[in-house]
Number of protein chains: 4
Amino acid sequence: MSIVVIYGSTRQNGNTERLTKRVIEGLEVEEIFLRDYDIQPIDDRRHSEGGFSDVDDDYNDLITRMMKHDTFIFATPIYWYSMTGTMKNFIDRWSHTMRDEKFPNFKAELGTKKAYVVAVGGDRPHIKGLPLIQQFNYIFEFMSISFEGYAIGKASRPGDITQDTTAFLAATALNEKLKGSQ
Amino acid sequence: MSIVVIYGSTRQNGNTERLTKRVIEGLEVEEIFLRDYDIQPIDDRRHSEGGFSDVDDDYNDLITRMMKHDTFIFATPIYWYSMTGTMKNFIDRWSHTMRDEKFPNFKAELGTKKAYVVAVGGDRPHIKGLPLIQQFNYIFEFMSISFEGYAIGKASRPGDITQDTTAFLAATALNEKLKGSQ
Amino acid sequence: MSIVVIYGSTRQNGNTERLTKRVIEGLEVEEIFLRDYDIQPIDDRRHSEGGFSDVDDDYNDLITRMMKHDTFIFATPIYWYSMTGTMKNFIDRWSHTMRDEKFPNFKAELGTKKAYVVAVGGDRPHIKGLPLIQQFNYIFEFMSISFEGYAIGKASRPGDITQDTTAFLAATALNEKLKGSQ
Amino acid sequence: MSIVVIYGSTRQNGNTERLTKRVIEGLEVEEIFLRDYDIQPIDDRRHSEGGFSDVDDDYNDLITRMMKHDTFIFATPIYWYSMTGTMKNFIDRWSHTMRDEKFPNFKAELGTKKAYVVAVGGDRPHIKGLPLIQQFNYIFEFMSISFEGYAIGKASRPGDITQDTTAFLAATALNEKLKGSQ
């Protein structure tokens, strides 16, 4: 098993990262911090003559790095009850990659992957974060990615997350599952 | 009553725009196409010394235009079961505006506004678009914006939306409501 | 096409019935008012020696009547954000019927059926009724029933429903769809 | 603190009970097994002349027992993606109790209570059980009951639940929270 963590945070060492550290404790992982890269919003050309054009940014490199792994962890703060715009732009671009001859087996390969979600928010995330979990589930179902589990944490101010016992035990459960499948 | 439509689409004259045209038929509205502007992702500095810094893009102008109206229509294609990254980045930035001394009454003023949502997707949107509606509801509740109604449409290829009778009748209901409150 | 309406209401001529009348206007349907029958809660014996035993109530007759039709309309007031206990007991019993030799093809036959949902509630049903719609969707998916559409109405006091334009237009859309598929 | 567990199961010693035992380990609780009592479906007479009439069953005794405690644990198997019909009938009756002069302070007293939910299902409950959690949240919000936490477990055959590590750690988190608030 080989694991990549995709971080959607815009802040360094935030609560989402801290909770994710518990999920990946003792495991070797590659970490991608989306905020460090230029990722343009998709220009939807599915139905345009000529289709999609190449985009001159970092997205293709990131996808190439992600696809080398068989287990994905999507770690995002909950901004306005869903994933950050940064992570959303990254995922929106998958619609292009699915039609990009440089990635001819993108969807088929995704169908062999496993995914986890870590999401941390300040406003009752154990309830108001559930639509986000449902959306990740739909994304994974569409791509036939196996949704292995999620951990939701509650935190607003830096460090808050350490007080969410439920979140840490959920992260522990994911950690055990990840270790068990190595 | 004064209406602004915020479009999250990346395509011109797409299905989302067509369905929205039915919602605003016979009404005077201002239209903002987010794709025509530069909107940077938020850099979350809520907890940083010094707080947020000014961002050199089009966002503040757009917020100023939006806030002149009392009724907002958020019109977005459903990308990967939620709003487009373009629209998400726009909304994520509200966290900055709430702390921006250039907009001292942002949240209080939002509390006097009404909002509608138009969302169009290809993959069973009348079911799989519901988490998106729930998220808009949470956003509006947080800001005390009154959520007046929504229309969900099903469409993939250009023009498909004309075949979704349910969507057009839902759009008609919103149109009548908008006209009734003028 | 042959249509059966399953009513979960406990009140006669209530808002749910009125909205449903719009859905079935001009169509021949069989109506089953669950409140008129004795339907015991399920006694879950899936894992007991001997399995399920026959229950002496009206349930089997109702299922037999329902299965003669190819299109089902589940019409329920929203009690506490979900279907009524009366309707829930009726559906819970399906777990028995799936294992009842008197109905050997129950699940296979359900897989050829179409279903609609009409749900009316008083407390922001267009938002707070969405989990109920998602649950019906899961039920129908499990049984391979095709979920053709739904109408949500807002009403508390008798007659209120006539003021929910959105609901009536949604009901009209269902009515047109039902007529179109005859 | 004084705790009551309301069980919606129809089976004895099932997976829901086993997971709940972990939640209440080391705590003194009163347990109510709804299946052992006669609870009639509500007859909605909110808008009838004369209003509700007394019902000759066990419901009022159960409510009286429940209201003596300040912390409620609702423990239900997930039948068809929501609570059991048995538990639903019990909750539906609250609409009567809210208008019953024998319980003049029912809603006000509920507003001082805390609640937990334990739900166990066989078909991807960590995803498909989320609408049920959202519904409990709406119920508790309506009554101003404080929703303190939930544990979802996956199990079909007797004993399965012991293999859901995530569920047991979630139950452990609830147990610690309950002990901490004594």
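Attention in this report is confined to the structure presented alongside it. (Residues numbered from 1 in each chain as written. Chains lettered and ligands numbered in written order. Predicted model: local features only at pLDDT ≥ 70, side-chain atom pairs only at ≥ 80, totals over all residues. Heavy atoms only, no water.)

1. A look at the overall build of chain A
Line of reasoning, step 1. A count of helical and extended segments in chain A gives 8 helices and 5 strands.
Line of reasoning, step 2. Overall, chain A shows an N-to-C arrangement of helices and strands of β-α-β-α-β-α-α-α-β-α-α-β-α.
Line of reasoning, step 3. In summary, chain A has a C-alpha radius of gyration of 16 Å against a globular reference of 16 Å for 182 residues, a match within 12%.
Line of reasoning, step 4. In terms of overall dimensions, chain A has C-alpha extents of about 55 × 35 × 25 Å along its principal axes.
Line of reasoning, step 5. In chain A, buried positions account for 60% of the 182 residues.
Line of reasoning, step 6. Element-wise, carbon and sulfur atoms account for 42% of the exposed surface of chain A, whose accessible area totals about 7100 Å².
Line of reasoning, step 7. For chain A, the centre of its 22 positive side-chain charges and the centre of its 26 negative side-chain charges are spaced 6 Å apart. (Helix = DSSP H or I, 4+ residues; strand = E, 2+ residues; numbered from the N terminus. Rg over C-alpha atoms; globule rule 2.2 N^0.38 Å. Buried < 20%, exposed > 50% of the residue type's maximum accessible area, 1.4 Å probe, protein only. Areas by Shrake-Rupley, 256 points an atom, 1.4 Å probe, with all protein chains shown as cover. Lys, Arg positive; Asp, Glu negative; His and termini not counted. Charge placed at Lys NZ, Arg CZ, Asp CG, Glu CD.)

2. Quick look at the relation of the copies chain A and chain B
Line of reasoning, step 1. Of the two same-sequence chains, chain A is brought onto chain B (RMSD 0.0 Å, axial shift 0.0 Å) by a rotation of 180°. Read as a symmetry element, the transformation amounts to a two-fold axis.
Line of reasoning, step 2. Most of the interface of chain A is mirrored in chain B, where 100% of its interface residues are also at the interface. (Least-squares fit on C-alpha atoms with pLDDT ≥ 70 in both. Contact = heavy atoms within 4.5 Å.)

3. Looking at the packing of aromatic side chains
Line of reasoning, step 1. The tally for this structure, following the rule as stated, stands at 56 aromatic pairs over all chains.
Line of reasoning, step 2. A ring pair is formed by Tyr81 of chain A and Tyr138 of chain B, whose centres lie 5.3 Å apart and whose planes are at 45°; its orientation type is tilted. You can see Tyr81 of chain A sitting in the loop between strand S3 (71-77) and helix H3 (85-92) and its partner Tyr138 of chain B sitting in helix H7 (residues 130-143), one on each of two chains.
Line of reasoning, step 3. In this structure Tyr81 of chain A comes out as buried when scored by relative accessible area, which is 6%.
Line of reasoning, step 4. Of the aromatic side chains, those joined through ring pairs into one cluster are Tyr59, Phe72, Phe74, Phe90, Trp94, Phe106, Phe136, Phe140, Phe142, Phe147 and Tyr150 of chain A together with Trp80 of chain B.
Line of reasoning, step 5. Cation over ring: Lys107 of chain B sits above Phe142 of chain B, and NZ or CZ is 4.2 Å from the ring centre. (Phe/Tyr/Trp six-rings, centres within 6.5 Å; stacked < 30°, edge-to-face > 60°. Lys NZ or Arg CZ within 6 Å of the ring centre and 35° of its normal.)

4. Here's the deal with the interface of chain A and chain B
Interfaces are frequently sized by the accessible area removed from exposure as the parts join.
Line of reasoning, step 1. Contact with chain A, which involves 36 residues of that partner, is made by 36 residues of chain B.
Line of reasoning, step 2. A buried area of about 3200 Å², summed over both sides, lies between chain A and chain B, and 60% of it is on carbon and sulfur atoms.
Line of reasoning, step 3. On the chain A side of the interface with chain B, the three residues burying the most area are His47, Trp80 and Tyr138 of chain A, jointly 25% of the side's total.
Line of reasoning, step 4. Inspection of the chain A/chain B interface yields 0 salt bridges.
Line of reasoning, step 5. Secondary-structure elements contributing two or more residues to the side of chain A that touches chain B are H3, helix H4 (94-97), helix H6 (125-128) and helix H7 (130-143) of chain A.
Line of reasoning, step 6. Broken down by element, the side of chain A that touches chain B gets its largest block of residues, 8 residues, from H7 of chain A.
Line of reasoning, step 7. Partitioning the side of chain A that touches chain B into residue classes produces 17 nonpolar, 11 polar and 8 charged. (Buried area = accessible area lost by both parts, 1.4 Å probe. Salt bridge = Lys/Arg side-chain N within 4 Å of Asp/Glu carboxyl O. Nonpolar A, V, L, I, M, F, W, Y, C, P; charged D, E, K, R; others polar.)

5. Examining the nonpolar core
Line of reasoning, step 1. With 168 residues, the main nonpolar core has Trp94 of chain A, Trp94 of chain B, Trp94 of chain C together with Trp94 of chain D as its most contacted residues.
Line of reasoning, step 2. Ignoring any residue separated from it by four or fewer positions in sequence, one finds Trp94 of chain C in contact with Tyr59, Ile63, Met66, Phe74, Phe106, Leu110, Ile139, Met143 and Ile145 of chain C together with Trp80 of chain D. (Core = buried A, V, L, I, M, F, W, Y, C linked by side-chain atoms within 4.5 Å.)

6. A closer look at the environment of Asn60 of chain A
Residues and elements named next belong to chain A.
Line of reasoning, step 1. For Asn60, the position within the fold is in helix H2 (residues 59-67).
Line of reasoning, step 2. Sequence spacing of Asn60 and Asp92 is 32 residues, and the spatial spacing of their C-alpha atoms is 13 Å.
Line of reasoning, step 3. Non-local contacts of Asn60, meaning those with residues more than four positions away in its chain, are made with Asp100, Lys102 and Phe103.

7. What to know about the sheet that holds strand S5 (residues 146-154) of chain D
All names here are of chain D.
Line of reasoning, step 1. In spatial order, the strands read S2-S1-S3-S4-S5; together these 5 strands make up an open sheet with parallel pairing. The sheet terminates laterally at strand S2 (29-33) and S5, the two strands that pair on one side only. The mean angle between the axes of side-by-side strands here comes to 15°, regardless of whether they run parallel or antiparallel.
Line of reasoning, step 2. Of the strand pairs in this sheet, strand S1 (residues 3-7) and S2 are connected by 5 bridges, and their pairing is parallel. In the sheet register, Tyr7 faces S2, and the bridge partner there is Phe33. (Pairing = 2+ DSSP bridges. Axes fitted to C-alpha atoms, helices over the stretch in contact; angles between N-to-C directions.)

8. Considerations on unusual backbone geometry
Line of reasoning, step 1. Of note in the backbone geometry, Trp80 of chain B takes a positive phi value of approximately 50° without being a glycine.
Line of reasoning, step 2. Among the secondary structure elements, Trp80 of chain B is positioned in the loop between strand S3 (71-77) and helix H3 (85-92).
Line of reasoning, step 3. Taking relative accessible area as the criterion, Trp80 of chain B reaches 9% and is therefore assigned buried.
Line of reasoning, step 4. A positive phi angle is found at Arg124 of chain C, which is not glycine, with a value near 45°.
Line of reasoning, step 5. With respect to the helices, strands and loops of the structure, Arg124 of chain C is situated in the loop between strand S4 (114-121) and helix H6 (125-128).

9. Some words on helix H8 (residues 165-180) of chain D
Note that an α-helix has 3.6 residues per turn; residues three or four places apart therefore point the same way.
Line of reasoning, step 1. For H8 of chain D, with 16 residues, the first-to-last C-alpha span of 22 Å sits near the 22 Å given by 1.5 Å per residue.
Line of reasoning, step 2. The inward-facing, buried residues of H8 of chain D contact helix H8 (165-180) of chain A together with S1, helix H1 (15-23), strand S3 (71-77), strand S4 (114-121) and S5 of chain D. (Expected span 1.5 Å × (residues − 1).)

10. Regarding H7 of chain B
Residue and element names in this part refer to chain B.
Line of reasoning, step 1. In this model, H7 (14 residues) spans 20 Å end to end at C-alpha, consistent with the 20 Å of a helix rising 1.5 Å per residue.
Line of reasoning, step 2. Burial within H7 is extensive, with 12 of its 14 residues counted as buried.
Line of reasoning, step 3. Note on H7: the residue one or two positions beyond its end, Ser144, has a positive phi of about 55°.

11. Quick word on the packing of H1 of chain D against H8 of chain D
All names here are of chain D.
Line of reasoning, step 1. Across the interface, H1 lies against H8 with an axial gap of 7 Å and an inter-helix angle of 40°. With respect to H8, the axis of H1 lies oblique. Touching Leu19, Arg22 and Val23 of H1 are Ala167, Phe168, Ala171, Thr172, Leu174, Asn175 and Leu178, all from H8.
Line of reasoning, step 2. Along the lines of polarity and charge, the residues of the contact of H1 with H8 split into 7 nonpolar, 2 polar and 1 charged. (Parallel < 35°, antiparallel > 145°, perpendicular 65-115°, else oblique.)

12. Re the pattern of salt bridges
All names here are of chain B.
Line of reasoning, step 1. Tallying each qualifying case throughout the model produces 48 salt bridges over all chains.
Line of reasoning, step 2. Linking Glu148 and Lys177 is a salt bridge whose minimum nitrogen-to-oxygen distance equals 3.5 Å. Of the two residues, Glu148 sits in strand S5 (residues 146-154) while Lys177 sits in helix H8 (residues 165-180), which places them 29 residues apart along the sequence.
Line of reasoning, step 3. Glu148 sits in the buried class, given a relative accessible area of 18%.
Line of reasoning, step 4. Judged by relative accessible area, Lys177 falls into the partly exposed class, the value being 37%.

13. Thoughts on the side chain of Asn15 of chain D
Residues and elements named next belong to chain D.
Line of reasoning, step 1. By secondary structure assignment, the location of Asn15 is in helix H1.
Line of reasoning, step 2. Asn15 sits in the buried class, given a relative accessible area of 3%.
Line of reasoning, step 3. From its side chain, Asn15 meets the backbone nitrogen of Gly159 in a polar contact 3.1 Å long.
Line of reasoning, step 4. Filtering out sequence-adjacent residues up to four positions away, Asn15 remains in contact with Val120, Ala155, Ser156, Arg157, Pro158, Gly159, Asp160 and Ile161. (Polar contact = N/O pair within 3.5 Å; in protein donor to acceptor, adjacent residues only side chain to side chain.)

14. What about the sheet that holds strand S4 (residues 114-121) of chain A?
Residues and elements named next belong to chain A.
Line of reasoning, step 1. Strand order in this open sheet of 5 strands is S2-S1-S3-S4-S5, and the pairing throughout is parallel. Of all the strands in the sheet, just strand S2 (29-33) and strand S5 (146-154) have a single pairing partner and so form its edges. Between one strand axis and the next, the sheet turns through 15° on average, direction left out of account.
Line of reasoning, step 2. Two elements, strand S1 (residues 3-7) and S3, share 5 bridges in a ladder whose sense is parallel. Opposite Val4, over in S3, you have Phe72 as the bridge partner.
Line of reasoning, step 3. Here H7 sits on the sheet in contact with S3, S4 and S5, set at roughly 160° to S5.

These figures capture arrangement, not role.
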